[in-house]
Amino acid sequence: RLLHPGPAPAGALGPVIGFPLRHTEVHARVAGTMVVTTVVQVFENPLTEPTDAVYVFPLGAHAAISAYRIVIGARTIEGVIQRRAEARATYDAARTAGHTAALLEQVTANVFSQRLANLAPGDQIEVRFEVSEPLAVRAGQLELVFPLTVGPRYLPATRRGAAPVSARQAGDPDVAGETSVGYVDAAIAGNTVS
């Protein structure tokens, strides 16, 4: 989801619109009972001004991200692993200075969120990360699963504003079925996967 830069009530996030994911590539390499997956996702800023974006994505419950980078035009920004507070401070400083920056955080065992700051209008952003995880064994066979969607989740009213990102309060009248992570409208979520 994309935080629209329009006006917002004091202390609240601005309006949220769909952030177009154009394409996802998944390359998996299996060695014994482990899989190393390289994921490449291409996003595009549809607005006419720089903006910040947040997106949430699933991984396996035992997944570990071992490499991370974003590519904008000819520039590649390599990810650096830091403690959560230090990483947030680094991201906030770069964002405040007007630099393009990214922050990847684990929200729960199988949900991650990524923040991208100061994305230029019309720019395409390529996000690349590498994930390692053990393969599940089911009835004596190895099983490889790569999730593509964080499904709707219930979020108690007491956790308003808590992770996952974009969570809405349970019971809000516009949230059918009391889910907390909405889906992007199909009209703007027309992306491909390979």
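Reference entry: report on the structure contained in this document. As the structure is a prediction and not an experimental result, all values here were calculated from the model.

1. Details of the sheet that holds strand E4 (residues 34-44)
Here comes step 1: Ordered in space as E7-E6-E10-E4-E3-E13, the 6 strands form an open sheet in which the pairing is mixed. This sheet does not close on itself; its edge strands, each paired only once, are strand E7 (75-78) and strand E13 (192-193).
Here comes step 2: Bridging between strand E3 (residues 21-31) and E4 involves 10 bridges; their strand directions are antiparallel. Paired with His23 across the bridge in E4 is Val42.

2. Notes on the environment of Val42
Here comes step 1: Here Val42 is to be found in strand E4.
Here comes step 2: A C-alpha to C-alpha distance of 6.6 Å links Val42 and Thr24, two positions 18 residues apart in sequence.

3. Concerning the packing of aromatic side chains
Here comes step 1: Applying the stated criterion across every chain, the model contains 2 aromatic pairs.
Here comes step 2: Each ring, one from Phe57 and one from Phe112, has its centre 5.9 Å from the other, and the planes form 15 degrees; the classification is stacked. In this pair, Phe57 is assigned in strand E5 (residues 51-58) and Phe112 in strand E9 (residues 111-119), connecting sequence segments 55 residues apart.
Here comes step 3: Owing to a relative accessible area of 5%, Phe57 belongs among the buried residues under this scheme.
Here comes step 4: Through successive ring pairs, a cluster of aromatic residues spans Phe57, Phe112 and Phe129.

4. Quick look at the pattern of salt bridges
Here comes step 1: Applying the stated criterion to the full structure yields 7 salt bridges.
Here comes step 2: Among the ionic pairs, Glu130 bridges to Arg29, the shortest N-O distance being 3.8 Å. Highlighted residues: Glu130 in strand E10 (residues 124-134) and Arg29 in strand E3, separated in sequence by 101 residues.
Here comes step 3: Assessed through its relative accessible area of 25%, Glu130 is described here as partly exposed.
Here comes step 4: The exposure class of Arg29 is partly exposed, given its relative accessible area of 44%.
Here comes step 5: The partner of Arg128 in a salt bridge is Glu126, and the shortest N-O contact between them spans 2.6 Å.
Here comes step 6: When its relative accessible area of 22% is taken as the criterion, Glu126 is described as partly exposed.

5. Observations concerning the side chain of Asp52
Here comes step 1: Within the secondary structure layout, Asp52 lies in strand E5.
Here comes step 2: Within the structure, the side chain of Asp52 is placed 2.9 Å from the backbone nitrogen of Asn118, a separation counted as a polar contact.

6. Structural notes on the environment of Ala61
Here comes step 1: As for its position among the elements, Ala61 is in the loop between E5 and strand E6 (64-72).
Here comes step 2: It is 8.6 Å that separates the C-alpha atoms of Ala61 and Thr108, two residues lying 47 residues apart in sequence.

7. As for the nonpolar core
Here comes step 1: Leu59, Ile70, Ile125, Val127 and Phe129 are the most contacted members of the largest nonpolar core, which has 18 residues in total.
Here comes step 2: Contributions of two or more residues to this core are made by E4, E5, E6, E9 and E10.
Here comes step 3: Of all the elements, E10 adds the most residues to this core, at 4 residues.
Here comes step 4: Residues Ala87, Ala94, Leu103 and Ala117 belong to the second largest nonpolar core, which totals 6 residues.

8. Comments concerning unusual backbone geometry
Here comes step 1: The phi dihedral of Asn118 falls on the positive side, at around 60 degrees, and the residue is not glycine.
Here comes step 2: By the secondary structure assignment, Asn118 is in strand E9.
Here comes step 3: One non-glycine residue, Ala139, lies in positive phi territory at about 50 degrees.
Here comes step 4: Among the structural elements, Ala139 can be located in the loop between strand E11 (136-138) and strand E12 (141-143).

Parameters and conventions
Residues numbered from 1 in each chain as written. Predicted model: local features only at pLDDT ≥ 70, side-chain atom pairs only at ≥ 80, totals over all residues. Heavy atoms only, no water. Pairing = 2+ DSSP bridges. Helix = DSSP H or I, 4+ residues; strand = E, 2+ residues; numbered from the N terminus. Phe/Tyr/Trp six-rings, centres within 6.5 Å; stacked < 30°, edge-to-face > 60°. Buried < 20%, exposed > 50% of the residue type's maximum accessible area, 1.4 Å probe, protein only. Salt bridge = Lys/Arg side-chain N within 4 Å of Asp/Glu carboxyl O. Polar contact = N/O pair within 3.5 Å; in protein donor to acceptor, adjacent residues only side chain to side chain. Core = buried A, V, L, I, M, F, W, Y, C linked by side-chain atoms within 4.5 Å.

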